[in-house]
Amino acid sequence: MIISINEIYLNLPNFLQNTSVSLFDLYQYSKRHGGKYKYWKNYYKKMHFAQLSELKKIQNKRLVEFINFAVTNSKFYKKYYKDIDLSTIKRVDDLSKLPIIDKETVRKNIQNIVTIDKRKGYIAHTGGTTGKSLEVLFTWEDVQERWGILDAFREEFGYKFGKRTAWFSGKTILNKRDEIKKRFWKTDYIFNIRYYSTLHIIPETIPSYIENLNKYKPIIISGFPSSIFEIANYARIYKMQINFNPTAIFTTAEILVSEQTKIIEKIFKCKVYDQYSSSEGAPFVVQCCNGNMHYELLSGVIEIIDENLNPTDEGEILVTSFTTRGTPLIRYKIGDRIKILNQKCPCGSNNPIIERIEGRVIDFVYSNERGKINLGNISNCVKYVKGVIKFQLIQNKISEIIVKIVKDSNVYSDKDEKLFMKELRDRLGDTINIIFEYVDDIPKEKTGKYKIVKNEIANLV
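### So, the pattern of salt bridges
- As enumerated under the stated definition, the model contains 23 salt bridges in all.
- Here glutamate 141 and lysine 36 are joined by a salt bridge, their closest N and O atoms 3.8 Å apart. Here glutamate 141, found in helix 7 (residues 140-155), pairs with lysine 36, found in the loop between helix 2 (14-32) and helix 3 (37-46); they are 105 residues apart in sequence, far enough to count as distant.
- Note on lysine 36: relative accessible area 35%, which makes it partly exposed.
- The residue glutamate 423 makes a salt bridge to arginine 427 at a minimum N-O spacing of 2.8 Å. Placement of the pair is glutamate 423 and arginine 427 together in helix 13 (residues 414-428), with a separation of 4 residues, close to one helical turn. Pair check on accessibility: glutamate 423 and arginine 427 agree, each one buried.
- Linked by salt bridges that have partners in common, Lys36, Glu141, Asp142 and Arg325 make up one network.

This is the structure:
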């Protein structure tokens, strides 16, 4: 019987698990922060306030270089583009001459798409939101540029690598002994990162999380917003003291709900800053000091298309990320939706403003009256409703939607219930059956993430 490295890790005593985490991070960060990491971090800082014309000029140049790299080094693209005159593709507007690729195409052709040996790069796995996970490879310079972009963004708000950081992500880091001892974290002692399990956050365990956070006193908190919110909200309801003051909280991987953000910021007494990318390696979208989300033009190309594949300001996106040379993705139908704003931000950045990111295309509910209502519209239902801590729409049949609601009984009133129903009716119509179910909690997915929409009929409509 072959025993995996993870099984060995889970059977180690706690101090050796922490040592393993520290040594693993030492290896990973030596790669991530080696090579051209500092160059890219400084480059993105320097270009933060560059003129739009300069940003687009560099974006066009990098696009041509990236396509040429893919055709030269990837068997798939060499064959896929063999009948296309690539010399006519000189700028972003020319991308429509190239075919679109989707996740299934990538999955079927992955061996011919990749440009490097698995042992010479970094392996990333998608979360499997659509039901199937995907393994992609990055060159280490890809990884270094991506971390350079991320750290250039975070350092603007007080982050510094090596400062005490509390990290909430969906990694499996605990064993049964940890659960018995109510120890829901592991620590990297080299880089001062404490990894908190998001898979064990329930009302019974949250006091242990808060007690440990108060002892650890992180300067930075990072990870899934739903997990950070659950802890903040428990502290608010049960009046548990948070006796440290982080510099900033950085969230990713989930849709941020405004009501949750308010509670997080109130309890931890600092601002929340969001960013979007993807496991596959989409271009970056990062939040500025004015709260706007900016699409980083230098990191790649985001095309927005309607149902007829025509350019639009709001719709599904195609991504071409310049940091996916290990697994080149060109006009990749990633499955997310966004809306772009054609206006300049007061922060001074000339990168385009994204009004909202709406999550996966399959994250929708359906009504016979209104058709598909996407996640962005659903999440906005509680914009003016007070006292909704968490909610989730579950659709198992076309004629009915169950709405699970975790409410703050001290705030949520009959008036709020009626307003919530009205907001849903405005989006879903009058004929669909909407059932409110008030619950104590809404369980997370196996990944540790929390979903606002669970759609079981996606293949029927």
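### Notes on the nonpolar core
- If you look at the biggest cluster of nonpolar residues, it comprises 126 residues, and the most contacted ones within it are Phe168, Ile231, Phe268, Ile330, Val403, Phe420 and Leu424.
- Apart from the residues within four sequence positions on either side, phenylalanine 268 is in contact with Ile221, Ile228, Ile231, Ala232, Ile242, Phe244, Asn245, Pro246 and Ile249.

### Some remarks on helix 7
- Between its terminal C-alpha atoms helix 7 stretches 22 Å, which fits the 22 Å expected from 16 residues at 1.5 Å a residue.
- Counted residue by residue, helix 7 has 14 buried out of 16 residues, so it is predominantly covered.

### Quick word on the pairing of strand 4 (residues 165-169)
- Taken across its 5 residues, strand 4 has 5 buried, putting it largely inside the fold.
- Of the two faces of strand 4, the one carrying Thr165, Trp167 and Ser169 and the one carrying Ala166 and Phe168 are both buried.
- Looking at chain direction, strand 4 and strand 6 (residues 193-197) are connected through 5 bridges and run parallel. Within strand 6, the position partnered with phenylalanine 168 by the bridge is tyrosine 196.
- Looking at chain direction, strand 4 and strand 7 (residues 220-223) are connected through 4 bridges and run parallel. Bridge pairing in strand 7 places phenylalanine 168 opposite glycine 223.

### Details of the packing of aromatic side chains
- The full count for this structure, using the stated rule, is 32 aromatic pairs.
- Seen in terms of ring centroids, tyrosine 159 and phenylalanine 250 are 6.4 Å apart; in terms of plane orientation they differ by 90°. Their pairing is edge-to-face. A residue pair is termed long-range when its members are at least 10 positions apart, and tyrosine 159 in the loop between helix 7 and strand 4 and phenylalanine 250 in strand 8 (residues 248-251) qualify at 91 residues. As far as burial versus exposure is concerned, tyrosine 159 and phenylalanine 250 are alike and both buried.

### Quick notes on the sheet that holds strand 18 (residues 388-397)
- Taking strand neighbours across the sheet as the criterion, the 4 strands line up as 20-19-18-21 in an open arrangement whose pairing is mixed. Edge positions in the sheet fall to strand 20 (433-438) and strand 21 (453-455), since each has one partner strand and no second. Looking at each pair of strands side by side, their axes are set apart by 15° on average, direction ignored.
- Sheet topology note: the strand 18/strand 21 ladder contains 3 bridges and is parallel.

### Re the environment of proline 99
- Looking at the element boundaries, proline 99 is found in the loop between helix 5 (75-80) and strand 1 (101-102).
- Judged by relative accessible area, which is 27%, proline 99 ranks as partly exposed.
- Separated by 233 residues in the primary sequence, proline 99 and tyrosine 332 place their C-alpha atoms 9.3 Å from one another.
- Every residue in contact with proline 99, bar those within four places of it in the chain, is listed here: Tyr80, Tyr81, Ile84, Ile330 and Arg331.

### A few points about unusual backbone geometry
- Positive phi is not limited to glycine here, since lysine 239 has a value of about 55°.
- Along the chain, the position of lysine 239 falls in the loop between helix 10 (225-237) and strand 8.
- Accessibility expressed as a relative area gives 74% for lysine 239, which makes it exposed.
- The phi angle at leucine 309 is positive, at roughly 70°, despite the residue not being glycine.
- Relative to the assigned elements, leucine 309 resides in the loop between strand 12 (300-305) and strand 13 (314-321).

### With respect to the packing of helix 9 (residues 206-216) against helix 10
- One way to put it is that helix 9 packs onto helix 10 with a least axis distance of 10 Å and a crossing angle of 95°. Considered as vectors, helix 9 and helix 10 are oriented roughly perpendicular to each other. Touching Ile206, Pro207, Tyr209, Ile210 and Leu213 of helix 9 are Glu230, Ile231, Tyr234 and Ala235, all from helix 10.
- For the contact of helix 9 with helix 10, a count of residues per class yields 8 nonpolar, no polar and 1 charged.

The rules behind these values
All residue numbers refer to position in the chain's written sequence, counted from 1. Where totals are concerned, whole chains, interfaces and linings use all residues; where local detail is concerned, this predicted model gives features only for residues with pLDDT of at least 70, and gives and counts side-chain atom pairs only at 80 or more. Computation of side-chain values: all heavy atoms of the structure, hydrogens and water removed. Between Lys or Arg on one side and Asp or Glu on the other, a salt bridge is scored when a side-chain nitrogen of the former is within 4 Å of a carboxyl oxygen of the latter. A run of H or I in DSSP counts as a helix once it spans at least four residues, and a run of E counts as a strand once it spans at least two, with each numbered from the N terminus. For the exposure calls, accessible area comes from a 1.4 Å probe over protein chains only, and a residue counts as buried if that area is under 20% of its type's maximum, exposed if over 50%, partly exposed in between. By nonpolar core is meant a set of buried Ala, Val, Leu, Ile, Met, Phe, Trp, Tyr and Cys residues that side-chain atoms within 4.5 Å join together. Residues are treated as being in contact if the distance between any of their heavy atoms lies within 4.5 Å. Any helix carries an expected span of 1.5 Å times its number of residues minus one. Here a strand pair is declared whenever DSSP counts at least two bridges between the two strands. Classification of ring pairs rests on two measures: the distance between centres of Phe, Tyr or Trp rings, Trp counted by its six-membered ring, which must be within 6.5 Å, and the angle between planes, read as stacked under 30 degrees, edge-to-face over 60 and tilted in between. Fitted lines through C-alpha atoms serve as axes, helices being fitted only where they are in contact, and the angles separating the N-to-C directions of these axes extend from 0 to 180 degrees. Throughout, the term roughly parallel applies to angles under 35 degrees, roughly antiparallel to angles over 145, roughly perpendicular to angles from 65 to 115, and oblique to all others. Gly is placed with the polar residues, together with every amino acid not listed as nonpolar (Ala, Val, Leu, Ile, Met, Phe, Trp, Tyr, Cys and Pro) or charged (Asp, Glu, Lys and Arg).

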